[in-house]
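Each chain, letter by letter, is given below.
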Amino acid sequence: MNLSLVPLPQKIAVTGGVFSLDADTKIISDEAALPEAQFLAGSLRSIAGAKILVGSAAHSPAITSPAITLHIDPALEPLGREGYRLAVTASGITLRAAGRAGLFYGVQTLRQLANGNIVPCVEIEDTPRFAWRGAMLDMSRHFLPKAFVLKFLDLLALHKMNTLQLHLTDDQGWRIEIRKYPKLTQIGSNRKETLVGRALANPSDAGFDPNSQQFDGVPHGGFYTQDDAREIVAYAAARHITVVPEIEMPGHAQAAIAAYPFLGCTDEPLEVSGTWGIHDKLYKPSEGTFEFLRDVLTEVMDIFPSPYIHIGGDEAVKTQWRESGECRDIQRQLGLPSEDALQSHFIGRMDEFITQSGRTLVGWDEILEGGLSPGAVVMSWRGEEGGIEAAALAHDVVMAPHQFTYFDYYQSDAYQSAAYQSGTRGAEPLAFHALLTLPTVYGYDPIPAALPPGQETHVLGTQCQFWTEYMPEERQVEYQAFPRLCAFSEVAWTDKKNKDWAAFLERLPQHLMRLGALDVNYRPLTPQ
Ligand code: TNX
């Protein structure tokens, strides 16, 4: 029997027969598991239309009708805090886990198992391969409304993903209210227009001609108030998802500098950027900037309880630090030999602050350049090398190599078609000019083959990225996400020995129907 579970649980035995949900089906739950019981009731109501009573086990009247039992059981601790055991028999369903997170994932499995009011009898034992199962949304390039973020969190939960990184600041827009610095959103969240079509060069390239680009003339803006952000955090927490905020530095800073010019390296007046690619506007590495960033991070840490705080750190071309007399003076006064050492000093200052605040710094793999403070977590995006290097230095790493995890890339090579090349839209909507197919995602192993034995413990997990340059709308994010995120969830959750591309493809069509029922604009399967 094809149960079409995604991600695939580690152990499944189909035992025969079915359990039928009906209006009399009760949910019996431990007091502590009530939120998960309620979540189940909420999702089963929509699946089966059954009226389900939620009550704590201690206070339930004698059970006369078939029931679904949720029970927190320390005996399941060997399965970890996210593991669970699910038994469906014709007379009832029992879900047990050592903690609430495990019960939540058992509930997700149950949601997928239920077909109408029928649940096939199974015994499932399950626990994730990796602790960090992430996705990153870039809010800066295109602002995504709060309602979409909540929908996306629901979809992450369905796929047993547990981390959402929000890329909140970049050259093209600052998207989080900071009360001490209101201009960050008054000015920094709005750009006057956006590039039309694909970026063919980086603004930081030598000889870059801004007049070579065509813009749409349409203002773009938006930001989350602190209340919005807290609502997102709470909604995520109810789904056992940690929201990791990312505040970019020292590069990708143009929107912040446009709002507060004292943060920049030159006196040149700046606008929030409307184009893509690597920009050369860096924060000035001054005490004033550090104070600003500490203030920003203080408010950010108050909103986001995440143990991890991401400070970006990527793609900081050092032209301005080299050319500005003031920046050179700072470097000299600090006795630093190079601009890379200055970046390392910059990140070190932030790490000190974040660590003192009881959190852990995360950054893209460039933070390794020039030396990295102990304890920092590295997100390896330029390939696997950064992750391997960081693990060798005993840093924890999150594997996010663009070749396997950049979902802004095309899903089929149709973009290389003549129609696309001639400038008209090809068979795929405009995306970042690179290819990442479904089987490539599925085949990814977050433990690099070149990682020396014993260092796997430093790999916290893996994360897929939604850079939104070419995703102006929510439907487009969904199109880029699915079905690749289905494959990715299995990369992050399912043991390598249990993965099988052909079997995944057999499970996928029914799973896509689930997504269709949830109004997800997934990309239809094509012969691969
Ligand atoms: C690189 S990945 C970036 C982003 C872009 C992305 C486009 C990373 C840390 N920086 O700023 O949006 O490429 O794929």
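Report follows, based on the coordinates.

The helix and strand tally for the protein chain stands at 17 helices and 21 strands. In terms of C-alpha radius of gyration, the protein chain reaches 24 Å, essentially the compact-globule figure of 24 Å for 528 residues. Dimensions of the protein chain, computed from C-alpha atoms along their principal axes, come out at roughly 80 × 55 × 45 Å. For the protein chain, with 528 residues in total, the buried portion stands at 57%. Charged side chains of the protein chain number 43 positive and 64 negative; the gap between the two group centres comes to 4 Å.

This next bit is on the site of the ligand. The local shell around the ligand consists of Arg141, His252, Asp314, Glu315, Trp364, Trp381, Tyr406, Asp408, Phe432, Trp467 and Glu469. A distance of 3.4 Å is found between a nitrogen atom of the ligand and a side-chain nitrogen or oxygen belonging to glutamate 315. At 2.6 Å from an oxygen atom of the ligand is found a side-chain nitrogen or oxygen belonging to glutamate 469. Summarising the interface, the protein chains cover 95% of the accessible area of the ligand, which totals 360 Å² for the free molecule.

Moving on, we come to the pattern of salt bridges. A complete count under the given rule lists 34 salt bridges for this structure. Aspartate 340 serves as the salt-bridge partner of lysine 318, at 3.7 Å between the closest nitrogen and oxygen. Highlighted residues: lysine 318 in the loop between strand E15 (308-312) and helix H8 (319-323) and aspartate 340 in helix H10 (residues 339-356), separated in sequence by 22 residues. The exposure class assigned to aspartate 340 is partly exposed, which follows from its relative accessible area of 33%. Glutamate 339 serves as the salt-bridge partner of arginine 322, at 3.6 Å between the closest nitrogen and oxygen. Linking arginine 322 in helix H8 with glutamate 339 in helix H10, this pair joins segments that are 17 residues apart in sequence. Residue class for arginine 322 comes out partly exposed when judged on its relative accessible area of 42%. One connected set of salt bridges, linked through shared partners, spans Asp138, Arg141, Asp170 and Glu469.

The tally for this structure, following the rule as stated, stands at 28 aromatic pairs. Arranged with centres 5.3 Å apart and planes meeting at 20°, the rings of tyrosine 409 and phenylalanine 432 form a pair that is stacked. Of this pair, tyrosine 409 sits in strand E19 (residues 409-410) while phenylalanine 432 is found in strand E20 (residues 432-435), placing the two residues 23 residues apart along the sequence. Exposure remark for tyrosine 409: the relative accessible area of 8% places this residue in the buried category. The exposure class assigned to phenylalanine 432 is partly exposed, which follows from its relative accessible area of 34%. Among the aromatic side chains, those forming a connected cluster through ring pairs are Trp174, Tyr181, Tyr260, Phe262, Tyr283 and Phe292.

Relative to the helices and strands, threonine 194 resides in the loop between strand E12 (190-191) and strand E13 (220-221). On the basis of relative accessibility, which here comes to 6%, the residue threonine 194 falls in the buried class. Along the primary structure threonine 194 and threonine 275 are separated by 81 residues, whereas in three dimensions their C-alpha atoms are 6.1 Å apart. Those residues in contact with threonine 194 that lie beyond four places of it in its chain are His142, Gln214, Phe215, Asp216, Val218, His220, Gly274 and Trp276. In this structure the side chain of threonine 194 is engaged in a polar contact, spanning 2.8 Å, whose partner is the side chain of arginine 191.

Time to look at unusual backbone geometry. Here methionine 249 and proline 250 are connected by a cis peptide whose omega angle stands at -10°. Looking along the chain, the bond that leaves phenylalanine 482 and enters proline 483 is cis, with omega of 10°. Along the chain, the position of proline 483 falls in the loop between helix H15 (474-481) and helix H16 (484-493). Even without glycine at this site, serine 4 takes up a positive phi of about 55°. Inspection of the secondary structure puts serine 4 in the segment before strand E1 (11-20). Despite not being glycine, glutamate 315 shows a phi value in the positive range, around 50°. Relative to the helices and strands, glutamate 315 resides in the loop between E15 and H8.

This brings us to the sheet that holds strand E8 (residues 132-138). Sheet strands associate in pairs through backbone hydrogen bonding, adopting either a parallel or an antiparallel arrangement. Taken together, the eight strands give a closed barrel; going around it, the order is E8-E9-E14-E15-E16-E17-E18-E21, and neighbouring strands pair in parallel fashion. The sheet shows a mean angle of 30° between the axes of neighbouring strands, taken without regard to direction. Sheet topology places strand E9 (residues 163-167) next to strand E14 (residues 242-249); five bridges connect them, and they run parallel. The residue bridging glutamine 165 from the neighbouring strand is valine 244, located in E14. This element, helix H11 (residues 385-392), spans strand E17 (377-380) and strand E18 (397-399) of the sheet and lies at about 160° to E17.

Counting through the fold element by element, valine 459 comes out in strand E21 (residues 459-466). Taking the C-alpha atoms as reference, valine 459 lies 8.0 Å from glycine 387; in sequence the two are 72 residues apart. Setting aside chain neighbours within four positions, we find valine 459 in contact with Phe130, Val397, Met399, Pro446, Ile447 and Leu451.

What follows covers the pairing of strand E5 (residues 84-89). Only one face of E5 is covered, namely the face carrying Tyr84, Leu86 and Val88; the face carrying Arg85, Ala87 and Thr89 is uncovered. Relative to strand E7 (residues 118-126), E5 is paired through four bridges, and the arrangement is antiparallel. Its bridge partner lying in E7, leucine 86 is registered against isoleucine 124. As paired strands, E5 and strand E6 (residues 92-97) are joined by five bridges and run antiparallel to one another. Across the sheet, the residue bridging to arginine 85 is arginine 96, located in E6. Where E5 folds back onto E6 in an antiparallel hairpin, the turn is made up of two residues.

Thresholds applied
Residues numbered from 1 in each chain as written. Predicted model: local features only at pLDDT ≥ 70, side-chain atom pairs only at ≥ 80, totals over all residues. Heavy atoms only, no water. Helix = DSSP H or I, 4+ residues; strand = E, 2+ residues; numbered from the N terminus. Rg over C-alpha atoms; globule rule 2.2 N^0.38 Å. Buried < 20%, exposed > 50% of the residue type's maximum accessible area, 1.4 Å probe, protein only. Lys, Arg positive; Asp, Glu negative; His and termini not counted. Charge placed at Lys NZ, Arg CZ, Asp CG, Glu CD. Near = heavy atom within 4 Å. Polar contact = N/O pair within 3.5 Å; in protein donor to acceptor, adjacent residues only side chain to side chain. Areas by Shrake-Rupley, 256 points an atom, 1.4 Å probe, with all protein chains shown as cover. Salt bridge = Lys/Arg side-chain N within 4 Å of Asp/Glu carboxyl O. Phe/Tyr/Trp six-rings, centres within 6.5 Å; stacked < 30°, edge-to-face > 60°. Contact = heavy atoms within 4.5 Å. Pairing = 2+ DSSP bridges. Axes fitted to C-alpha atoms, helices over the stretch in contact; angles between N-to-C directions.

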